[in-house]
Amino acid sequence: MIRRTRPVVGAIALLAALTAGIAFPAGAAAGEPTGESAPKVDLVLDVSGSMRAKDIDGQSRMAAAKQAFNEVLDATPEEVQLGIRTLGADYPGDDRKEGCKDTAQLYPVGPLDRTEAKTAVATLVPTGWTPIGPALLQAADDLDGGDGSKRIVLISDGEDTCAPLDPCEVAREIAAKGIGLTIDTLGLVPNAKLSRQLSCIAEATGGTYTSIEHQDELTDRVNELVDRAAEPVVTPVAVEGADACERAPELRSGLYTDRQEFGQQRWYRVDLLAGQELRASVSVAADRAVRPDHGILMRAVTLHGREIVRGEATGNGRTDVVSTGLRHPKPELDDDSGKPAAETVCLGVTTSFSADAGVKTTPGLPLELTVDVVDGPDNASDVASFGLGRGWWLLGALVVTGFLAGLVWGWLSRWRVAVWRTN
């Protein structure tokens, strides 16, 4: 049975929590939700000259942003440490080198004084350039330290003007540090180039991109992201897959990270009791330039190599993450069968990424593996029954009823035609 899933871009925070694969002892379990340190959010606001444009509900983009910030500051949960960073707020000149340094911490990340923060926002005037890359680097430093959730919310109305410092590459560098930082982006202009750049930044860290056209949309979205930062954080466990199932680490329910070389196959083991169901998914992120056609295959096999179920997905280069998953229910133990109550399932992950000459192939691509062992359905065949479960009898009854009704209707139609011809 084959399971196919579409890539999930923001459903999971893949690159934000990745670390290089480290060997982990058998029986590893993913970490519990953390959050002993207060969650931190840094709002990064574009204050470049283009923010003067009056195309958001009849007011300037800057005025809409200020109004949204005031409402967000009022609604920020007490436990969230919030800061505000600007880009393009101070340098009005034409010197590109100076303009690309124009990023500053308007309000430091920490316990929120709402009056002080609002006063600081009120002083902002659209001024200069759009150094998104430098601003993201500085914002990551603003959030450094602590094990609570860390989130950057970038709000911009234009593309970065400080290339070759590509903000998308900056986001990937931040993700590679493994500090658990997520970048969400909001675009104030429905522009294709801006959307591509902001989407790339968000996807690199497992964040989200949102296009904004109205002030209330901006307020609601920023509030939602700030509230999300206060949610518990699950820290993935670094694990190193093996080249064969017999040497693979044993996993329990949880979230794991690894790194996989190009074209490599990695194996993991999961013990499944009778009456339980294994649900597993894997995501691999292209954190460097790869060829557009690639794929991922996940197989569940027995210790003897018999394939039980598989999931596969392909990518075309439009997203940085490709994902797939599978499910395997183990039937309840039949006392008369003599079969063992437990079963070891081998999970194999194979990728088909490739890169042009000159692209580094080490370390491997970041991989995130989710394992969930739950109580299975009443009948293990339910999963293979297209979700119908015990409703198969009803479907069968409907099919038979429809068939008989068709025969009766056909006979009546022919009888009516015969009577019409006779008359």
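Each remark here, short or long, concerns the structure printed above.
This write-up is about the structure you can find in this document. (Residues numbered from 1 in each chain as written. Predicted model: local features only at pLDDT ≥ 70, side-chain atom pairs only at ≥ 80, totals over all residues. Heavy atoms only, no water.)

Together, D57, E71, E213, D216, E217 and D220 give the surface a local cluster of negative charge. The biggest single contributor to the negative patch is helix α7 (residues 215-229), with three residues. As for its placement among the helices and strands, E217 is situated in helix α7. (Patch = residues over 30% accessible without salt bridge, like charges linked within 9 Å, V, L, I, M, F, W, Y side chains within 5 Å. Areas by Shrake-Rupley, 256 points an atom, 1.4 Å probe, with all protein chains shown as cover. Salt bridge = Lys/Arg side-chain N within 4 Å of Asp/Glu carboxyl O. Lys, Arg positive; Asp, Glu negative; His and termini not counted. Charge placed at Lys NZ, Arg CZ, Asp CG, Glu CD. Helix = DSSP H or I, 4+ residues; strand = E, 2+ residues; numbered from the N terminus.)

Spatially, the five strands line up as an open sheet ordered β10-β11-β18-β13-β16, and their pairing is mixed. A single partner strand is all that each edge strand has here, and the edge strands are β10 (237-238) and β16 (321-329). Across nine bridges, the pairing between strand β13 (residues 276-285) and β16 is antiparallel. Residue pairing across strands places A280 opposite L326, the latter belonging to β16. (Pairing = 2+ DSSP bridges.)

Before going further, it helps to spend a moment on the pattern of salt bridges. Going through the model one piece at a time under the given rule, you end up with 18 salt bridges. The closest approach of N and O atoms between D74 and K118, which form a salt bridge, is 2.6 Å. Of this pair, D74 sits in helix α1 (residues 61-75) while K118 sits in helix α3 (residues 114-122); the two residues are 44 residues apart in sequence, bridging distant segments of the chain. Judged by its relative accessible area of 26%, K118 falls in the partly exposed class. In this structure, the salt-bridge partner of D258 is R266, at a minimum N-O distance of 3.3 Å. Under the relative-accessibility criterion, D258 is labelled buried at 2%. Since its relative accessible area comes to 8%, R266 is described here as buried. Overlapping salt bridges bring together D55, R61 and D157 as one network. (Buried < 20%, exposed > 50% of the residue type's maximum accessible area, 1.4 Å probe, protein only.)

Tracing the sequence through the fold places S48 in the loop between β3 (40-46) and α1. A polar side-chain atom of S48 sits 2.7 Å from a polar atom in the side chain of D46. Apart from residues no more than four positions distant in its own chain, S48 is found in contact with L87, G88, P126, T127, G128, W129, T130 and D157. (Polar contact = N/O pair within 3.5 Å; in protein donor to acceptor, adjacent residues only side chain to side chain. Contact = heavy atoms within 4.5 Å.)

The next subject is the sheet that holds strand β7 (residues 181-187). Ordered by their spatial adjacency, six strands build an open sheet running β5-β4-β3-β6-β7-β8, and the pairing between neighbours is mixed. At either end of the open sheet lies a strand with only one pairing partner, and these are β5 (103-110) and β8 (209-211). Along the sheet, successive strands turn relative to each other by an average axial angle of 15 degrees, direction set aside. As judged from the five bridges shared by strand β4 (residues 81-87) and β5, these two strands associate in the antiparallel manner. Looking at the pairing, L87 lines up with T103 of β5. (Axes fitted to C-alpha atoms, helices over the stretch in contact; angles between N-to-C directions.)

Bringing the nonpolar core into the picture now. The biggest cluster of nonpolar side chains holds 32 residues, and the ones touching the most others in it are L43, L45, I155, L186, L218, V222 and V226. Elements that contribute at least two residues to this core include exactly β3, α1, β4, α3, β6 (150-156) and α7. Ranked by residue count, the leading element in this core is α1, at seven residues. Discounting residues that sit within four places of it in the chain, V226 has contacts with V41, L43, V72, T76, P77, V80 and L82. V270, L278, A300 and L326 belong to the second largest nonpolar core, which has 30 residues in total. (Core = buried A, V, L, I, M, F, W, Y, C linked by side-chain atoms within 4.5 Å.)

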